[in-house]
Amino acid sequence: GRGARNLPPLARRRGRKASGNLGRKVTAKDDIVGYVESHLQPGEKLIHSATVHWIVYLPAILFAVLALAAWLAIPAYAPQSVALAGPVLGALFGALAVLLWFRGFFRRLSTELAVTDRRVIYKVGIVSRRTMEMNRSKVESVTVDQSIWGRLFDYGTVIVKGTGGGLEPLAGIDRPLAFRSEITA
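In what follows, the accompanying structure is described. (Residues numbered from 1 in each chain as written. Predicted model: local features only at pLDDT ≥ 70, side-chain atom pairs only at ≥ 80, totals over all residues. Heavy atoms only, no water.)

A few points about the overall build of the protein chain
Formally: Strands are runs of DSSP state E lasting at least 2 residues, helices are runs of H or I lasting at least 4, and numbering of each runs from the N terminus. Working definition: with a 1.4 Å probe on protein chains only, accessible area under 20% of the residue-type maximum means buried, over 50% means exposed, and in between means partly exposed. Contact criterion: two residues are considered in contact whenever any of their non-hydrogen atoms come within 4.5 Å of each other. Working definition of accessibility: Shrake-Rupley area with a 1.4 Å probe, residue cover restricted to the visible protein chains.
Helix and strand counts for the protein chain come out as seven helices and eight strands. A buried classification covers 31% of the 185 residues belonging to the protein chain. Within the protein chain, residue pairs in contact and separated by at least 24 positions form 47% of the contacts whose partners lie at least 6 positions apart. Carbon and sulfur atoms make up 61% of the accessible area of the protein chain, which amounts to about 11,500 Å² in all.

Written out as structure tokens, the structure reads:
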């Protein structure tokens, strides 16, 4: 009822039926396991799950290296008049590295990809959530795009096309060929 709106989210959801969940009760388990595991249909089996590749941390790593270089190299090799620029640039690059690391972390944390014996599932988001699901029987083709770097580090973009539409490109996926193989198997 209306009183449930004033409860904390977990208490509000625990034991109550969720709309759009085929009458399944939402439990505390839904707060612990991922979206895919908590939304499997009765008798449905998870075959393969994928995530975003660690390469999303590369910008953070690069800025951390720049921060370290600026912090150490500028004071050591620059004239005394600009020696203070090193720690300032190092701090700026370091702060940017931390922000980029958090962006990569939350991207990996908030993205779930899965293949079940019935569906292909894609979920992104933590607070606001966007999900796309497609029945495996409706999948027409699966395209994998990999750059040279993607082939070296085993990441790429997966595009699932289905009858009457398709999923958006799923960029930066770890082990995209394995993901494609599980969809088309």
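The rest of the description comes next.
A look at the pattern of salt bridges
Heads up, the rule is: Any Lys or Arg side-chain nitrogen located within 4 Å of an Asp or Glu carboxyl oxygen qualifies as a salt bridge.
In this structure the tally under the stated criterion is three salt bridges. Residue Lys123 pairs with Glu112 through a salt bridge whose shortest N-O separation is 3.7 Å. Of this pair, Lys123 sits in strand β3 (residues 119-124) while Glu112 sits in strand β2 (residues 111-116); the two residues are 11 residues apart in sequence, bridging distant segments of the chain. The class for Lys123 is buried, based on a relative accessible area of 6%. For Glu112, a relative accessible area of 16% gives the class buried. The network of salt bridges with common partners includes Glu44, Arg119 and Glu133.

Examining the side chain of His48
For His48, the position within the fold is in strand β1 (residues 46-50). For His48, the residues in contact, after removing those within four places along its chain, are Leu113, Ala114, Val115, Arg175, Ala178, Phe179 and Glu182.

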